Amino acid sequence: MLFVKELTCEYRKNLLGTDVKIPRFSWKIESEKRGTYQQAYQIQVTGSAGSFQCPIWDTGRVESEQSIQVEYAGTKLQSRTRYHYRIKVWDNFGRESDWSELSWWETALLSTNEWRAQWITPDPDAIDPHSKAVFLLRKSVHLKRGIVSARIYATAAGVYEIYLNSSRVGDDLLAPGWTSYLHRHQYQTYDVTHHLQSGMNGIGIMLGDGWYKGEVSFIPRRNFYGDCRAALLQLHVQYDDGTEELIVSDSTWKSSTGPILLSEFFAGETYDARLEKQGWTEPDYDDADWNQTLALDLPMNQLVAQENWPTRVTETIRPKNIIQTPSGDTLLDMGQNMVGRIRMRLNVPAGTCIRLQHAEVLDKEGNFYTGNLRSAKQIVKYIAKGGGVETYAPHFSFQGFQYVKVEGFPEIENDHNLLLESFIGEVIHSDMEPTGDFECSHPMVNQLQSNIKWGQRGNFLDVPTDCPQRDERLGWTGDAQVFIRTAAFNYHVGPFFTKWVRDLKADQKPDGSVPYVVPDVLVDFVRRSGKKTWGDETYTSSAWGDAATICPWTLYLCYGDTRLLSEQYDSMKAWVEYIRNQGESEYLWNTGFQFGDWLALDAEEDSYYGATPEYLVANAYYALSTRILRDAAAVLGKEEDVHIYSKLLEEIVAQFHENFVTSDGRMTSNTQTAHILPLMFDLVEGEVRKRVACDLDELVVQNGYHLTTGFVGTPYLCLALSSNGYHSTAVKLLLQESYPSWLYSITKGATTIWEHWDGIKQDGSFWSDAMNSFNHYAYGAIGDWMYRYVAGLDMDEKRAAYKRIRIHPHFSSGELTYARASFISLYGKIESNWSVDNNQIIVKVQIPANTTAEIILPGASLSNVMEGNLEWNIVEGIHSANEVEGGARLLAGSGSYYFTYPKHQVFEKGYANMLNSH
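Residues numbered from 1 in each chain as written. Predicted model: local features only at pLDDT ≥ 70, side-chain atom pairs only at ≥ 80, totals over all residues. Heavy atoms only, no water.

Right, let's get into the overall build of the chain. Within the chain one finds 18 helices and 47 strands. Relative to the 2.2 N^0.38 estimate, which gives 29 Å for 918 residues, the radius of gyration of the chain is 29 Å and therefore close to what a compact globule would have. In terms of overall dimensions, the chain has a C-alpha envelope of 85 × 75 × 60 Å along the principal axes. By the burial criterion, 64% of the 918 residues in the chain qualify as buried. Sequence separation of 24 or more characterises 75% of the internal contacts of the chain that already satisfy a separation of 6 or more. Approximately 32,200 Å² of the chain is accessible, and the part contributed by carbon and sulfur atoms is 46%. Charge centroids of the chain, computed over 83 positive and 116 negative side chains, lie 3 Å from each other. (Helix = DSSP H or I, 4+ residues; strand = E, 2+ residues; numbered from the N terminus. Rg over C-alpha atoms; globule rule 2.2 N^0.38 Å. Buried < 20%, exposed > 50% of the residue type's maximum accessible area, 1.4 Å probe, protein only. Contact = heavy atoms within 4.5 Å. Areas by Shrake-Rupley, 256 points an atom, 1.4 Å probe, with all protein chains shown as cover. Lys, Arg positive; Asp, Glu negative; His and termini not counted. Charge placed at Lys NZ, Arg CZ, Asp CG, Glu CD.)

Here's what the structure looks like:
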C-alpha cells in the first residue's frame, strides 16, 4: 500500500495563525515496498468551507520527486482564513495513493493595516508605569447569539497571558517571546470560539515586564526596548448570520494591579494570594474602582505572526529526594538540572509565606550553592490566602535548577512525604518536536546524550541562550553556531532558528558586523553608556559573527530551506564583506578584537582566551564563511557571486598557508585547535593535510587522550580525528573519564553540559563564581559526531534535507559494541544501528520513502554480505554495490535492511585506511 502521511505547512501540522503569504507544504510517504520513490504528486487546496468540488488551487498531476518545501501557487490568500489541503502521490511502481487525510492552515493578519486595536497601558497617574507589580487589564463585552468562530490576535510590549470568562486562553508561556522588538515583534493567534458565550463576556490580560523592559543581561539596566508595558488585542467574532464583530484593546479598558508584586526572569516572582481579585475576568465583575487605561502610540509595522515554536510546559518532574544540608536547609532534589518552575499545591493558614530559592549544585560540604548565579536571585515567594487548597506556579519567571531550598512550609520538619507531594517541577522550553535519538553500549555516553538534550531544552527557551540560571540568558551567536547541527539532530529546530536568524539579520550593523548576542541588548547599551567591555567599536568577533553564514546554511542542509537561505543571503554576504574590509589585506583578517578559542584549557592562568592565535581562528572562519557564501550562491543560482567568492576563497586559503602553515607542512601553532580548524574547514590538502591530521592525533595521544580545546575547537575535535583516519583516538577521547573530558562532569553527577570542563574541580571546589554555568550547551556539540560517526547517520550534503542519506557506521576496537541513532527527517525516519558480537557485524538500516542511501559497511567483502537470509545481490531495494578500500559500498532505496558479515574482516581489510578516505 502507498500512503501520504504527516502533512505540514511551514513545518507545522494544522498551523494556526501565520502571515506567510506563499506557504510551503511537505509530506511523508509510507510504503511496504522497498525502493519506493515519488514520481508525481497532486495538491488540492480549498477555502474555509472545506469542499474540494471547486478548489482554489489544484496542481493536477505534477511529475516530480519533490515532497518537501513545495510552494503554494494558487490564488492570493486572504487574511483570517482557514484553508484545507490534501495530497496524493504516484510512485515508481505505478501505484496511486488515496488522498491523504485533510490538513489545514489558517492565516492571521496579512497586513499591518488590518490592526484596529490600540496599544494600551494603565493610566500612569493612577499606576506607576515602573511598578514591578504585574498589571491587570480587563473589559466586559456583550456578544450576540450564534457565535460560530472567534479569534484573538494579541501581543504585548512585555509578556502577557489572556483570560476569557475566568479561563486561561492557550497554554503558551512568556508570549510574545523575545525578538529584536524594534524591528520584529511577534503576535499570537488564539482560537477562542469555545471560550465565548452569547451575552456578557469578560476579557482579562495579565501584563509583565519580560524581555521588553525587565532586566535582560548582567548589565544593570532596564527598559531596553521601552519604558512602558503595553498590550495589544484584537478579537474577531463571526456569527451564523454572516456578520462579524470586532472587539479591540483601547482606552475603554480598565486597569489595576493584583497579587503578583514582582515577576522577573532573574529575580523570580512574588505572589500574595491575599491580593487576588476574585472573578476579575468574569463578565459581571465590578470594576468600578479600577483605573482607566491609556492608549500608547507604539508602532505596528514591525508586527509579525508567531514564527517560533511556542514556549510551553513540556514535562513534569517529581522531586526525587528531600535533603537536609549540614547548614540546616531543607532542599528538594529534582534529580535533574532543569529549566522551568515549581508548581505548589498547599493547604496552609492565611499569611503563610512559602519561599523557594533555586540552584543548580551543592558545594563540596553538601550545602546549597548560589554563588554562580551572580546577581540573579531565583527566588519565588508565595503568600497564602488560606481557607483551603491553593495551587500556584510563577507566571512570568523561569529558573534554572536541580535543588530548591524550601522555607516557610509549616510541616517542613515533620512530614517529608507531604513536602514531596506539595511540589512538582514543570519543565519549560520552546516546544520543539523531538526528532533524534542516540544510544550505545557505554552507559556514561548515553548519559552524555541525555545531558546534551537537557542542555538544549533548558537553553532553547525562545532564543538559544547561553545559560538559564544566572543574570545573563542571552542569545550568544558563537554558542548557537557551534551547536546548531547537533540541535537539528535532537529536535526540529526549523521554526526556532528561522526566527532567530531573522533577528540576527535585523540586528546586524550597517557595516555588516554581527553582534555578540541576538537579540542585541549588549552592544548598544555599552556604546550609549560610554563604557567598553570587550573589543573595539564594532563589538564583533570571528566564530561569533559567523553565525550569520553557518546557521542559515545548516538550516538549508537539514531542511532544504532555500527560501530562508535566499532571505538571509544579503546578511551572509554583508558579513563576509565586513571581514574583507577589516584586515591589512582583503584576504587576511588580522585586526581588531577576537574571542579566539574561548575558555580553552591551554589559556594562560586567569585568562579566558585560549593559546591558539586569535587571527588563526579569525582567518579559518573567514575561509569557512566565504566557502559557505559561495556554496549558497551556487544553490541560489547567483553565478557571478559563485565566481567572485571562489576566487576570494582561493586567496584566503593561500594567505592562511602563508601566515599559519610552515614550509614543511606543519601548523605554526602547536595547539589542538590550530590543527582542528584547517582540517575541518578544508584549508589543507594532500600531504599537508595528512601531516596536520597526524600532528593533531599526536597532540591528543601525548596529552593522555585529553582535550585542551575551548568553544571553537571542541565541537570539531572528534570530527577532525575521525574524518582523517583517527577514529580510534576520537573514541578514546569520548570515553575518557578523567579531567578534562566530556565524561568527567558525569562522574561529578552532571545531568546537563557544563560551561567549564572543571566547573566542579576534582577536590569538589568550584571554578570562579564569575562565570560557571552548569547548564551551557556549547560543548554538547559532540553530539553531532556521535550521530554522524559513531552511529553513522549522515547526509550527502549535495542533496539537502537527507534526500540522499549516508549510512557509515564507524566501529572501534572493542570500546563500543553497539550504537544506534535514529532521526526523523522531513522525508521520514532514518535509522543506523550496528552491533558487534563474537562472530559477526550486524548493521540495521531504515531508509524513508522518496530517498536513497549510500551504505558503507566497514571491513566487509561483498561475497560475505548477507541481507536477512539472502545474498545482497538478489535483494529488492539494493540498486548497486561495489567494494572500496577497506569495505563495501551499497546504494539502496527506501526500506528496512538487516546486513550481516563476518567480524574478522573488519580489521583485516585496512579499516583505518577506509576511515581516512571518508
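Here we come to the pattern of salt bridges. Applying the stated rule across the entire model yields 66 salt bridges. Among the ionic pairs, Arg343 bridges to Glu426, the shortest N-O distance being 2.6 Å. With Arg343 in strand 26 (residues 330-346) and Glu426 in strand 33 (residues 423-430), the pair connects residues that are 83 residues apart, well separated along the chain. Looking at Arg343, the relative accessible area reads 26%, which means it is partly exposed. (Salt bridge = Lys/Arg side-chain N within 4 Å of Asp/Glu carboxyl O.)

Attention shifts here to the sheet that holds strand 34 (residues 436-440). What links the strands of a sheet is backbone hydrogen bonding, and the strands pair in either a parallel or an antiparallel sense. Pairing is antiparallel in the open sheet, where 7 strands are placed in the order 34-39-40-41-47-43-44. Because the sheet does not close on itself, it has two edges, and the strands there are strand 34 and strand 44 (870-871). As judged from the 2 bridges shared by strand 43 (residues 866-867) and strand 44, these two strands associate in the antiparallel manner. Bridging from a neighbouring strand, Met866 pairs with Glu871 of strand 44. (Pairing = 2+ DSSP bridges.)

Considering the arrangement of structural elements, one finds Ala623 in helix 9 (residues 614-635). Owing to a relative accessible area of 1%, Ala623 belongs among the buried residues under this scheme. Once the C-alpha coordinates of Ala623 and His442 are considered, the two residues, 181 residues apart in sequence, prove to be 37 Å apart. If near-sequence neighbours (up to four positions away) are discounted, Ala623 is found in contact with Leu649, Ile652 and Leu683.

Here Gly386 shows up in the loop between strand 30 (379-383) and strand 31 (390-392). Taking the C-alpha atoms as reference points, Gly386 and Trp178, 208 residues apart in sequence, are found 36 Å from one another. Apart from the residues lying within four places of it in its own chain, the contact partners of Gly386 are Val348, Pro349 and Ala350.

With antiparallel pairing, 3 strands are arranged side by side in an open sheet as 1-3-7. The outermost strands of the open sheet, each flanked by one partner alone, are strand 1 (2-9) and strand 7 (70-71). Pairing between strand 1 and strand 3 (residues 24-31): 6 bridges, direction antiparallel. Note that in strand 3 the partner of Leu2 across the bridge is Ser31.

Counting buried positions along helix 16 (residues 782-791) gives 10 out of 10 residues, so the element sits mostly inside the fold. With its phi angle positive at about 90°, Gly792 sits one or two positions after the end of helix 16.

Turning our attention to the packing of helix 13 (residues 714-722) against helix 16. Look at helix 13 against helix 16: their axes get within 7 Å of each other, and the N-to-C directions meet at 30°. Judged on the interaxial angle alone, helix 16 and helix 13 are roughly parallel. On helix 16, the residues that touch Cys718, Leu719 and Ser722 of helix 13 are Ile782, Asp784, Trp785, Arg788 and Tyr789. Residue composition of the contact of helix 13 with helix 16, grouped by class: 5 nonpolar, 1 polar and 2 charged. (Axes fitted to C-alpha atoms, helices over the stretch in contact; angles between N-to-C directions. Parallel < 35°, antiparallel > 145°, perpendicular 65-115°, else oblique. Nonpolar A, V, L, I, M, F, W, Y, C, P; charged D, E, K, R; others polar.)

With respect to the secondary-structure elements, Asp546 resides in the loop between helix 6 (523-529) and helix 7 (547-559). No salt bridge is formed by the buried Asp546; the nearest opposite charge belongs to Arg627, separated by 12 Å. For Asp546, the contacting residues outside a window of four places in its chain are Trp575, Ile579, Tyr621 and Ser625.

Summary statistics for the chain give a mean pLDDT of 95 and a share of 96% for residues scoring 70 or more. Per-residue pLDDT stays below 50 along residues 529-536; that stretch engages in 18 contacts with residues further than four places along the chain or on separate chains. Within the model, pLDDT remains below 50 along residues 908-918, and this stretch shows 35 contacts once partners closer than five positions in the same chain are excluded. (pLDDT = per-residue confidence, 0-100.)

By size, the foremost hydrophobic cluster in this structure holds 229 residues, and its most contacted members are Phe423 and Trp785. Tallying contributions element by element places helix 9 first for this core, with 12 residues. Beyond its immediate stretch of four places on either side in the chain, Trp785 contacts Cys718, Leu719, Ser722, His727, Ala730, Val731, Leu734 and Val790. (Core = buried A, V, L, I, M, F, W, Y, C linked by side-chain atoms within 4.5 Å.)

Right, let's talk about unusual backbone geometry for a bit. The amide bond that connects Val518 to the next residue, Pro519, takes the cis arrangement and shows omega of -5°. Relative to the assigned elements, Pro519 resides in the loop between helix 5 (494-507) and helix 6. Following Tyr739, the chain continues to Pro740 via a peptide bond in cis, the omega torsion being -5°. Residues other than glycine seldom take positive phi values, yet Leu174 does so here, at roughly 55°. In this structure Leu174 comes out as buried when scored by relative accessible area, which is 5%.

Okay, the pairing of strand 15 (residues 185-191) next. For strand 15, the buried fraction is high: 6 of the 7 residues fall into the buried class. Sheet analysis places strand 12 (residues 147-157) next to strand 15, joined by 4 bridges and oriented antiparallel. Opposite Ala154, over in strand 15, you have Gln188 as the bridge partner.

The final tally for this structure, using the stated rule, is 64 aromatic pairs. Pairing Trp754 with Phe774 gives two aromatic rings, centres 5.4 Å apart and planes at 85°, and the pair type is edge-to-face. With Trp754 in the loop between helix 15 (744-747) and helix 16 and Phe774 in the loop between helix 15 and helix 16, the pair connects residues that are 20 residues apart, well separated along the chain. On the numbers, 6.1 Å between centres and 65° between planes, the contact of Phe766 with Phe774 is edge-to-face. As far as the burial class goes, Phe766 and Phe774 line up, both buried. Taken together, Trp476, Tyr516, Tyr539, Trp544, Phe593, Phe595, Trp598, Tyr608, Tyr609 and Trp767 form an aromatic cluster joined through their ring pairs. When the ring centre of Phe3 is taken as origin, the NZ or CZ atom of Lys5, which lies over that ring, is 5.1 Å away. Over the aromatic face of Trp99 sits the side chain of Arg86, whose NZ or CZ is 4.2 Å from the ring centroid. (Phe/Tyr/Trp six-rings, centres within 6.5 Å; stacked < 30°, edge-to-face > 60°. Lys NZ or Arg CZ within 6 Å of the ring centre and 35° of its normal.)

Between helix 4 (residues 477-490) and helix 7, whose axes approach to 9 Å, the crossing angle comes to 10°. Considering their axes alone, helix 4 and helix 7 lie roughly parallel with respect to each other. In this structure, helix 4 uses Thr477, Ala480, Gln481, Ile484, Arg485 and Ala488 to contact helix 7, whose residues at the interface are Ala547, Ile550, Cys551, Thr554, Leu555, Leu557, Cys558 and Tyr559. In the contact of helix 4 with helix 7, the residues fall into 10 nonpolar, 3 polar and 1 charged.

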